[in-house]
Amino acid sequence: MTFKQMFTSSVGKKLVMAFTGIFLVLFLVVHAGLNACIWAMDGGVMFNKAAHFMGSFVVPRILEIGLFLGIFLHIIQGYMLTLENRSKRKVGYEVNYAKGSKWYSRSMAILGTILLMFFIIHWKHFWIPSRITGVAEMDLGNGFVVHNLYGVMQDTFQNVWVVLFYVISCISLSYHLAHGFQSAFKTIGVHNKRYHTMITSIGYGFAIIIPLAFALMPISFYLHWVK
Amino acid sequence: MSQNTMNLKVKVWRQKNANAQGAFVTYDVAGISDEMSFLEMMDILNEKLITEGGDPVAFDHDCREGICGMCSMYINGKPHGPWQANTTCQLHMRAFKDGETIVIEPWRANSFPIVKDLTVDRSAFDRIIQAGGYISVNTGNAVDGNSLPIEKQNADDAFAAAMCIGCGACVAACKNSSAMLFLSAKVSHLALLPQGAPERKSRVLNMVAQMDKEGFGSCTNTGACEATCPKEISIANIARLNKEYLGASLSAE
Ligand code: HEM
Ligand code: SF4
Ligand code: FES
């Protein structure tokens, strides 16, 4: 058995989804944690320092490459899996079986597509200016000059449509995780009932808390809770 | 208990053979007792069709007592009809109301091609079993059962998995046409027992390979299979299958 055979079987493809999914979940924790610095109420000094660290230190930069690979794999595999699974029933039902599963469990690709659109717009808002086209700087004294990404956030989130789009994306993320979190652990083989019940509860908690934290960021700027 | 009779409309998928174009046909069935089983209602419909010189509706059935897994009907949007933990043959007409239209479809999946009307070819399941759903035993005297101690929990879990009757409702219910609940029941059943140990790794790899060859989809853990399974096979078995697969494929040469 080769690794290729291992990861291209029907079960193996799900392993790819699960490993990349769990990796993305870990990334969300780091991302939400760092962004929470906007609530330090210091005009963005702590946040800009944190963003500077992530952008200039070599370890996060290497992890960032891993992140892009992970997202890419997850998206490609997600679409391929969805299309392939759909093709397995050429003639559909007159009456669909909707009661047996949650709508969001059946809509992972649609929720994922909203997330993909979000990524593109989100990168355009922050990643591209920060890494490529450049942003205004903030002088923290003693010659320590950093990108003022906090200022970019302040500007970006003055537009109500942008805020709304971010909030909708967070809701999509929430449902994607409500299914995905527990599903990923099933996929990697956690069958023990005690652990699975625990993981499912943690998953629901995670699916609420993390997207809520993210959604509160644009809202905080729009409503001037943070200045 | 007094019997109630009802008049129903039955909207059935009719298809002459695997290659023919199929379509729904609606029939009236009158005077159905609520104490009848669903298949008795189908028998009455077929008697009527035969009397009128028509072609009876082909459907699979055998034991009519919920143990063989033959009675594959997708009724009103759920495999085996509206009741929980129930086969079509054990479904009774009291589940329906007078005047109701009942929609009956065959299992839908490319891997279960239609033979005729509601009858589908489920030999893909047989081939999956042939790929590893057994234990190899040398001939000779049977060993004393008590010489192989089995932990109670494992015996119970194995027995619960062995309940699977291979009906295919899990595939029919799944949006991905995945056969994972079926496969996981078979793999779990044998993985939990000492008799299954010698072929444990090759079994899961060969059975997954055969399942893929048969063209079933990939499981995405939606849970529709578990919700419709007449034998209440737990989706936890799928997680166990995944673990078996991960372990076996990592350690295989
Ligand atoms: C922050 C972003 C994301 C996170 C944290 C995430 C997380 C997850 C997790 C944990 C799973 C479960 C894997 C499993 O069932 O084994 C999953 C599945 C999936 N994801 Fe994502 N995902 C993200 C973005 C996306 C995007 C952008 C798409 C775009 C198409 C996508 C499409 C899918 C699909 C189709 C599945 C498969 C559904 C299933 O197997 O149940 N995801 N995701
Ligand atoms: S797992 Fe349940 S639904 Fe699937 S074949 Fe076995 S008995 Fe039927
Ligand atoms: S006819 Fe045997 S289970 Fe229904």
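How each quantity is defined
- Residues numbered from 1 in each chain as written.
- Chains lettered and ligands numbered in written order.
- Predicted model: local features only at pLDDT ≥ 70, side-chain atom pairs only at ≥ 80, totals over all residues.
- Heavy atoms only, no water.
- Domains from an automatic or database assignment.
- Contact = heavy atoms within 4.5 Å.
- Buried area = accessible area lost by both parts, 1.4 Å probe.
- Salt bridge = Lys/Arg side-chain N within 4 Å of Asp/Glu carboxyl O.
- Donors = N, O, S within 2.8 Å, 3.2 Å for Na, K, Ca; no water.
- Tetrahedral: all angles 85-135°; square planar, octahedral: opposite > 155°, others 65-115°.
- Helix = DSSP H or I, 4+ residues; strand = E, 2+ residues; numbered from the N terminus.
- Buried < 20%, exposed > 50% of the residue type's maximum accessible area, 1.4 Å probe, protein only.
- Expected span 1.5 Å × (residues − 1).
- Arc of directions from axis to C-beta.

Let's talk about the domain arrangement of chain B
Residue and element names in this part refer to chain B. The domain architecture assigned to chain B consists of domain 1 (5-116) and domain 2 (122-251). Facing 20 residues of domain 1, the contacting portion of domain 2 comprises 21 residues. Counting the surface lost from both domain 1 and domain 2, the interface buries some 1500 Å², and carbon and sulfur atoms represent 56% of this. Interface area lost by domain 1 to domain 2 is led by Ala85, Ser111 and Phe112, which between them contribute 35%. On the surface where domain 1 and domain 2 come into contact, there are one salt bridge.

Examining the coordination of the iron atom of ligand 1
Residue and element names in this part refer to chain A. On the protein side, the iron atom of ligand 1 has His74 (NE2) and His176 (NE2) as donor atoms, found 2.0 Å from it. Note that the iron atom of ligand 1 binds six donor atoms; their angles at the metal cover 87 to 180°, and the shape is octahedral. With histidine 74 in helix 4 (residues 58-86) and histidine 176 in helix 8 (residues 160-187), this pair connects stretches of sequence that are 102 residues apart. Histidine 176 matches histidine 74 in its accessibility class, with the two residues each being buried.

Considering helix 1 (residues 38-51) of chain B
Working note: α-helix, 3.6 residues per turn, so residues spaced by three or four point in the same direction. Residue and element names in this part refer to chain B. Compared with an ideal rise of 1.5 Å per residue, which puts 14 residues at 20 Å, helix 1 spans 20 Å between its outermost C-alpha atoms and is within 8% of the ideal. Along helix 1, the residues that are buried comprise Phe38, Leu39, Met41, Met42, Leu45, Asn46 and Leu49. Buried residues of helix 1, seen end-on, are gathered within an arc of 150° and therefore sit on one face of the element. Turned more than 90 degrees away from the buried face of helix 1 sit Glu47, Ile50 and Thr51, all of them exposed. If you follow the buried residues of helix 1, they end up packed against strand 1 (5-14), strand 2 (23-33), strand 3 (74-75) and strand 5 (101-105). The positive-phi residue at the C-terminal boundary of helix 1 is glycine 53, with phi of around 80°.

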